[in-house]
Amino acid sequence: DEAFVEDINNILNSGEVPNMFPADEKMQILESVRPAAAKLGLESPLQLWGYFISRCKRNLHVVLCMSPIGNAFRERLRANPSLVNCCTIDWFGSWPEDALEAVALKQLKEIDLDADTRQTLVRLCQAIHVQVQDASERFLAELGKHNYVTPTSYLELLSALKSLLESKRQANAAARKRYNVGLEKLAGSAAQVAGMQQELVAMQPQLVATVAEVEELMAKIAHEKKVKVEPKAAVVREEEARAQEKAAAAKAIKDECEADLAEAIPILNDALSALDTIKEADIAYIKKLQNPPSAIKLVMEAVCVVLDVKPVKVRSQQVCGVALMLLCCGM
């Protein structure tokens, strides 16, 4: 974070970070240093703050480690000159082989390993780091490009080794756990299969008896089907055929009646319409007829037949009157 580097630059330059403390905290700081500053004759807030800053400069020690790889180091030095002007610079080069071995032993000491395996891993990490350094020097000599191999790279190598070893151990533990669980399930399944086989052997006589009973029952069912069910089914089929014939005949009669009714309904409707046209004057006219025409006599006789009026012997001139009276009563 470049802002952090800027804060370090301010501390090295002036001993403080601008606007670091709010007003209330700054007043608490001034009150806390006032007794010690009063012995030196310092009383104003500016003098008290200067005394606090001087105490910070005298007691604060900053150790800053930075990698010189790339342009970031150069840009930081240009933007923050106090990193050079106010610091004592120690340049650390490559570690010797005994230092590599000591660091590797310390880093791998926390891992659960036997002594031989740990020593082998230490030599392996040491050899990898030295070989990468030699290859980087050849790369610089042949191509003129830098490949920086710093102590941080060695620490990252050790950290990667520990992470890889831990992940592999966890994977092996999970695989071993799955293998053990699988073995337990196989053993349990084998025990269950053995128990079921014993139960099957014990139930074999009962199974044979059950099969015999089932065969006997099937034979009985087949016999009853042949003797009782099939004859009844034949009778039912015959009755069904006769019923279908009667239903067909009834349907034919129904169709014929509906056809006749369809022809009679229009005639009935016409008759009703014609009946509505008869007026009281027409009826009075017919009553006055002494000898009505034969057509009128025929109609009146038909009315008597429809209304189930038995014949009565009357004079001819009374026939129409009686018929008309009966017709009016029927209407």
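A brief look at the structure comes next. (Residues numbered from 1 in each chain as written. Predicted model: local features only at pLDDT ≥ 70, side-chain atom pairs only at ≥ 80, totals over all residues. Heavy atoms only, no water.)

The next subject is the overall build of the chain. Counting its secondary structure elements, the chain contains 11 helices and 0 strands. Over its C-alpha atoms the chain spans a radius of gyration of 63 Å, topping by over 25% the 20 Å that the globule rule assigns to 331 residues. Buried residues in the chain amount to 14% of all 331 residues. By sequence separation, contacts in the chain at least 24 residues apart represent 56% of the contacts at least 6 residues apart. When the accessible area of the chain is evaluated, it comes to approximately 25900 Å², of which 60% is carbon and sulfur surface. Looking at the chain, you have 39 positive and 45 negative side-chain charges, and the mean spots of the two groups are 4 Å apart. (Helix = DSSP H or I, 4+ residues; strand = E, 2+ residues; numbered from the N terminus. Rg over C-alpha atoms; globule rule 2.2 N^0.38 Å. Buried < 20%, exposed > 50% of the residue type's maximum accessible area, 1.4 Å probe, protein only. Contact = heavy atoms within 4.5 Å. Areas by Shrake-Rupley, 256 points an atom, 1.4 Å probe, with all protein chains shown as cover. Lys, Arg positive; Asp, Glu negative; His and termini not counted. Charge placed at Lys NZ, Arg CZ, Asp CG, Glu CD.)

Let us now look at the nonpolar core. Of all hydrophobic cores here, the largest spans 11 residues; its members are Leu100, Ala104, Leu108, Ile111, Leu113, Leu121, Val122, Cys125, Val130, Tyr154 and Leu158. Looking at this core, the elements that each hand over two or more residues are helix H6 (97–108), helix H7 (115–143) and helix H8 (151–276). The leading source of residues in this core is H7, at 4 residues. If near-sequence neighbours (up to four positions away) are discounted, tyrosine 154 is found in contact with Trp95, Leu100, Glu101, Val103, Ala104, Cys125, Gln126 and His129. Ranked by size, the runner-up nonpolar core spans 9 residues in total, among them Leu30, Tyr51, Phe52 and Ile53. (Core = buried A, V, L, I, M, F, W, Y, C linked by side-chain atoms within 4.5 Å.)

Moving on, we come to a nonpolar patch on the surface. Taken together, Phe4, Leu60, Val62 and Leu64 make up a surface patch of nonpolar side chains, about 340 Å² in accessible area. Assignment of secondary structure puts leucine 64 in the loop between helix H3 (45–59) and helix H4 (72–79). (Patch = residues over 30% accessible without salt bridge, like charges linked within 9 Å, V, L, I, M, F, W, Y side chains within 5 Å. Salt bridge = Lys/Arg side-chain N within 4 Å of Asp/Glu carboxyl O.)

A few words now on the packing of H7 against H8. Look at H7 against H8: their axes get within 10 Å of each other, and the N-to-C directions meet at 140°. In terms of axis orientation, H7 runs oblique to H8. Handedness of the crossing formed by H7 with H8: right-handed. Where H7 approaches H8, its residues Leu121, Cys125, Gln126, Ile128 and His129 are matched on the opposing element by Tyr154, Leu157, Leu158 and Leu161. By residue class, the composition of the contact of H7 with H8 is 7 nonpolar, 2 polar and no charged. (Axes fitted to C-alpha atoms, helices over the stretch in contact; angles between N-to-C directions. Parallel < 35°, antiparallel > 145°, perpendicular 65-115°, else oblique. Left-handed = near helix turned anticlockwise from the far one by under 90°. Nonpolar A, V, L, I, M, F, W, Y, C, P; charged D, E, K, R; others polar.)

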